[in-house]
Amino acid sequence: MNNEIVDITIIGGGPTGLFSSFYAGMREMSVKIIDSLPQLGGQLIELYPDKYIYDVGGFPKILAKDFVANLVTQAHYAKPEIVLGETALSVTRDGDHFILQTDKGVHLTRTILLTAGIGAFQPRKIGLKEEVDYEGTTLHYGIKDLSIFKDQNVVVCGGGDSAVDWSLMLEDIAANVTLVHRRERFTAHETSVNQLMESKVNVKTSRAIKAIEGEAGAISGVVLADKEGVEERLAVDHLIVNYGNISSLGPLKEWGLEMDRNSILVNTRMETNIEGIYAAGDITNYDGKVKLIAVGLGEAPIAVNHAKSHIDPKARVQPLHSTSVFS
Ligand code: FAD
């Protein structure tokens, strides 16, 4: 971990955080972006990558994932240090900088910009106590590398688009794939469900996972139970849980920030009540606030310009136009 003190640490790599990174680069600030997810893009990538957005200026219609790809390209202008899969937990002040504690380590920063949206996303779990014994080895809440499932016995659980799509993608890779869903009907797209029913995937509906068996991080089987309590055991090498995500501001609520339910109160400079800590995007609230991508993109430069003049009082708040900076 690089522990130089950066000018601004952006917590949240959604659209607001990404645009803030670009803008901080334009103000010649050193930048770090931290996100609890394994990828950048916030809600757009996690919740609706393939939906069209129609209400961001300059794009009559753009796929959420394409919009994020543009923002990521733009964010890289600042040469930010990007820290993924890490959740910001607590903060303390140490002279002219903050010590930010995450679940994986410590980061030093002169200012903090909270662009944490609706909070850190965490996968929704099955709820079995033995789940933790297999997480990260043979129990997965998402798929990064399909090759680990080659010739394996795989159980996927869930009834939405991800569960059905992953089952179909694994059909020709795994030795066999079983899709287990708690309900009778799937919520995935009808065309995907039709494809599923014609595939080699073994579909088991109205059944829940009652127990996971195995040892030393290696799953050997799962026990399913139907509504009448009739049990069935499946031999399994890998279990993929696709129950969606839950989001929570969690630890940020303990920072001593002035809040209005799940939003952080900011003034017209996007300053929070803690000097040196700014907020922008969906996480903020003030009189007249509207939670939209376009609004977060507007709040980002306000926050960054004020953060710049906070660490360098000689720097103007009003920036040069990008047309002048880049010409
Ligand atoms: P987010 O996108 O929520 O990003 C916040 C990031 O912060 C997340 O990646 C999260 O993992 C991270 N984070 C949170 N807490 C921590 C922590 N403690 N440590 C580390 N990382 C953390 N808006 C529109 O303007 N137009 C639309 O058409 C539109 N359609 C939508 C459709 C759907 C289905 C949904 C759910 C939302 C839609 N929105 C739309 C809303 C839009 O997605 C949000 O306004 C936007 O994502 C807010 O961006 P953000 O960067 O402020 O926060």
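Our subject is the structure that appears above.
Read on for an overview of the structure.

Cut-offs applied
Residues numbered from 1 in each chain as written. Predicted model: local features only at pLDDT ≥ 70, side-chain atom pairs only at ≥ 80, totals over all residues. Heavy atoms only, no water. Helix = DSSP H or I, 4+ residues; strand = E, 2+ residues; numbered from the N terminus. Buried < 20%, exposed > 50% of the residue type's maximum accessible area, 1.4 Å probe, protein only. Contact = heavy atoms within 4.5 Å. Near = heavy atom within 4 Å. Polar contact = N/O pair within 3.5 Å; in protein donor to acceptor, adjacent residues only side chain to side chain. Phe/Tyr/Trp six-rings, centres within 6.5 Å; stacked < 30°, edge-to-face > 60°.

## A word on the side chain of Glu299
Here's step 1: Structurally, Glu299 is set in helix α6 (residues 293-311).
Here's step 2: On the basis of relative accessible area, Glu299 is assigned to the buried category, the value being 3%.
Here's step 3: When sequence neighbours within four positions are dropped, the list of residues in contact with Glu299 reads Met270, Ala280, Gly281, Thr284, Tyr286 and Lys289.

## Details of the site of the ligand
Here's step 1: In the region of the ligand, 29 residues are neighbours, and Asp35, Gln43, Tyr48, Asp55 and Asp282 sit closest.
Here's step 2: Between Pro15 and the ligand, the recorded distance is 3.3 Å, taken from a backbone N or O atom to an oxygen atom.
Here's step 3: Separating a nitrogen atom of the ligand from a side-chain N or O atom of Asp55 is a distance of 2.8 Å.
Here's step 4: The element contributing the most residues to the shell around the ligand is helix α2 (residues 42-47), with four residues.

## A few points about the packing of aromatic side chains
Here's step 1: Under the defined criterion, the tally for this structure stands at eight aromatic pairs.
Here's step 2: Consider the rings of Phe22 and Phe326, whose centres lie 6.2 Å apart with planes at 15°: the pair is stacked. Linking Phe22 in helix α1 (residues 15-26) with Phe326 in the segment after α7 (322-325), this pair joins segments that are 304 residues apart in sequence.
Here's step 3: Put simply, the rings of Phe19, Phe22, Tyr23, Tyr77 and Phe326 touch in pairs and so form one group of aromatic residues.

## Comments concerning the side chain of Ser167
Here's step 1: Topologically, Ser167 is positioned in helix α4 (residues 161-170).
Here's step 2: Overall, the relative accessible area of 0% leaves Ser167 in the buried class.
Here's step 3: Among the polar contacts made by the side chain of Ser167, one reaches the main-chain carbonyl oxygen of Ala163 at a distance of 2.7 Å.
Here's step 4: If we skip the residues at most four places from it in the chain, Ser167 touches Val156, Val177, Leu179, Leu196 and Val201.

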